[in-house]
Amino acid sequence: MLFAIGVIGAVIGSFVNVVSLRVAKREDFIHGRSYCPHCHHRLCALDLLPIFSYLFLRGKCRWCKHSISIRYLLVEITFAILFVLVAFLKQPMEVRGYFFCTMCMLVALIDFDSFEVDLRMLLILVIGYFCFRMNSVEEAMLSMMSGLVLYFTVYGIGKWVWKEEVLGMGDVYYLATLGLYFSPSQILFVGLFSFVVAGGVVIGWMMLSKRNKVHEKIPFAPFISNSALLTYLFSIQWI
Ligand SMILES: [Zn+2]
């Protein structure tokens, strides 16, 4: 049973991978067949098996032998693990859990590919809340408002003190939307934990690359998704 759920996770992961890349390239992400981004050869079922195709073809396109990004494999494995965790820690029939994981990963990957939090995906998260009702409407509204006020304040202070955006407006909207799925204290945790992890990664990267300043833009939504998934999966309550 867990194996079957892992396979479903990997299949959805492979679809999400394609969607995020197509959103970044501003292509139609629902229709259109999969093709090799290098030689544009259409891919057949054998090339599209999640995880196995990558291992089987040793990470190379069957047609042009150009190497395929390891990201496909990593995302598919992450999805398989996430889905198994939902089944194991929650319930195997926890559809809303699978939905929540998929959307958090999708927002993270789109931000990673295009440095943008896709508002359409946030809208799907809002619709999903009303379909699944993970907590009461009162609590959801309270968490959403506290998320919005809190992270908008952080955004404002960052802009005022450093004259730079410490987090994008898209990240503020994303955190506020996630409020629908959490309690007010959890949404505080999600944000703070993302800042701590992102800070750690930036400092680690600066030490490794021996630079004392980072000028590159860093997508923040992957850190938010990471905290949100941990908080959801392990039902973290900290206050
Ligand atoms: Zn190819």
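If you're wondering where the values come from, they're calculated on a predicted model, not measured in any experiment. (Residues numbered from 1 in each chain as written. Predicted model: local features only at pLDDT ≥ 70, side-chain atom pairs only at ≥ 80, totals over all residues.)

Overview of the overall build of the protein
- Tallying secondary structure elements over the protein gives nine helices and zero strands in all.
- From first element to last, N terminus to C terminus, the protein shows the α and β order α-α-α-α-α-α-α-α-α.
- Its C-alpha radius of gyration of 19 Å places the protein within 12% of the 18 Å reference for a compact globule of 239 residues.
- With the principal axes as the frame, the protein shows a C-alpha extent of 50 × 45 × 30 Å.
- Here the protein holds 239 residues, and the buried ones make up 33% of them.
- Taking the intrachain contacts of the protein between residues at least 6 apart in sequence as the baseline, contacts between residues at least 24 apart amount to 70%. (Helix = DSSP H or I, 4+ residues; strand = E, 2+ residues; numbered from the N terminus. Rg over C-alpha atoms; globule rule 2.2 N^0.38 Å. Buried ≥ 20, exposed ≤ 12 C-beta atoms within 10 Å, placed from the backbone. Contact = placed C-beta atoms within 7 Å.)

What about the nonpolar core?
- Within the largest apolar cluster, 50 residues are counted, with the highest numbers of intra-cluster contacts made by Phe83, Cys101, Cys104, Val107, Leu175 and Leu178.
- Among the elements that line this core, the one with the most residues is helix H4 (residues 95-114), at 11 residues.
- Here Leu178 is in contact with Gly147, Ile187, Val190 and Ala228, once residues within four sequence places are set aside. (Core = buried A, V, L, I, M, F, W, Y, C linked by C-beta atoms within 7 Å.)

Structural notes on unusual backbone geometry
- With a phi close to 55°, Arg26 is a non-glycine residue in the positive phi region.
- Structurally, the position occupied by Arg26 is in the loop between helix H1 (2-24) and helix H2 (52-56).
- Accessibility expressed as a C-beta count within 10 Å gives 8 for Arg26, which makes it exposed.
- The backbone of Arg58 shows a phi angle near 50°, a positive value even though the residue is not glycine.
- Mapped onto the elements, Arg58 comes out in the loop between H2 and helix H3 (70-89).

A look at helix H6 (residues 137-162)
- Taking 1.5 Å of rise per residue, the 26 residues of H6 would be expected to cover 38 Å, and the 37 Å separating its terminal C-alpha atoms lies within 8% of that figure.
- Within the span of H6, buried status applies to Ala140, Ser143, Met144, Gly147 and Tyr151.
- On its buried face, H6 is in contact with helix H5 (119-132), helix H7 (169-178) and helix H8 (184-208).
- Backbone geometry just downstream of H6 places Lys163 in the positive-phi region, at approximately 55°. (Expected span 1.5 Å × (residues − 1).)

Section: the environment of Val19
- With respect to the secondary-structure elements, Val19 resides in helix H1.
- Looking at Val19, the number of C-beta atoms within 10 Å reads 18, which means it is partly exposed.
- Sequence separation between Val19 and Phe29 is 10 residues, and the spatial gap between their C-alpha atoms is 5.3 Å.
- Setting aside its immediate chain neighbours within four residues, Val19 contacts Phe29 and Leu106.

Digging into the confidence of the model for the protein
- Looking at the protein as a whole, the pLDDT averages 90, with 98% of positions reaching at least 70.
- Within the protein, the element-level pLDDT minimum falls on H2, averaging 89, and the maximum on helix H9 (residues 221-233), averaging 96. (pLDDT = per-residue confidence, 0-100.)

Quick word on the environment of Gln186
- Positionally, Gln186 belongs in helix H8.
- In this structure, the C-alpha to C-alpha distance between Gln186 and Pro222, residues 36 residues apart in sequence, is 17 Å.
- Residues contacting Gln186, with those up to four places away along its chain left out, are Thr231, Ile236 and Gln237.

Focus: the domain arrangement of the protein
- Each domain of the protein was delimited in the assignment, giving domain 1 (1-93) and domain 2 (116-239).
- Look at where the C-alpha atoms of domain 1 and domain 2 centre, and you get two points 26 Å apart. (Domains from an automatic or database assignment.)

Side note on the environment of Cys131
- For Cys131, the location among the structural elements is in helix H5.
- Spatially, the C-alpha atoms of Cys131 and Arg96 are 8.7 Å apart, while their sequence positions differ by 35 residues.

Some thoughts on the packing of H1 against H4
- As a packed pair, H1 and H4 sit with axes 9 Å apart at the nearest point and diverge in direction by 35°. As H1 packs across H4, the resulting crossing turns out to be right-handed. Residue-level inspection shows Ile12, Val16, Val19, Ser20, Leu21, Val23 and Ala24 of H1 in contact with H4, the latter providing Thr102, Met105, Leu106, Leu109, Ile110, Asp113 and Ser114.
- Residues belonging to the contact of H1 with H4 are distributed by class as follows: 10 nonpolar, three polar and one charged. (Axes fitted to C-alpha atoms, helices over the stretch in contact; angles between N-to-C directions. Left-handed = near helix turned anticlockwise from the far one by under 90°. Nonpolar A, V, L, I, M, F, W, Y, C, P; charged D, E, K, R; others polar.)

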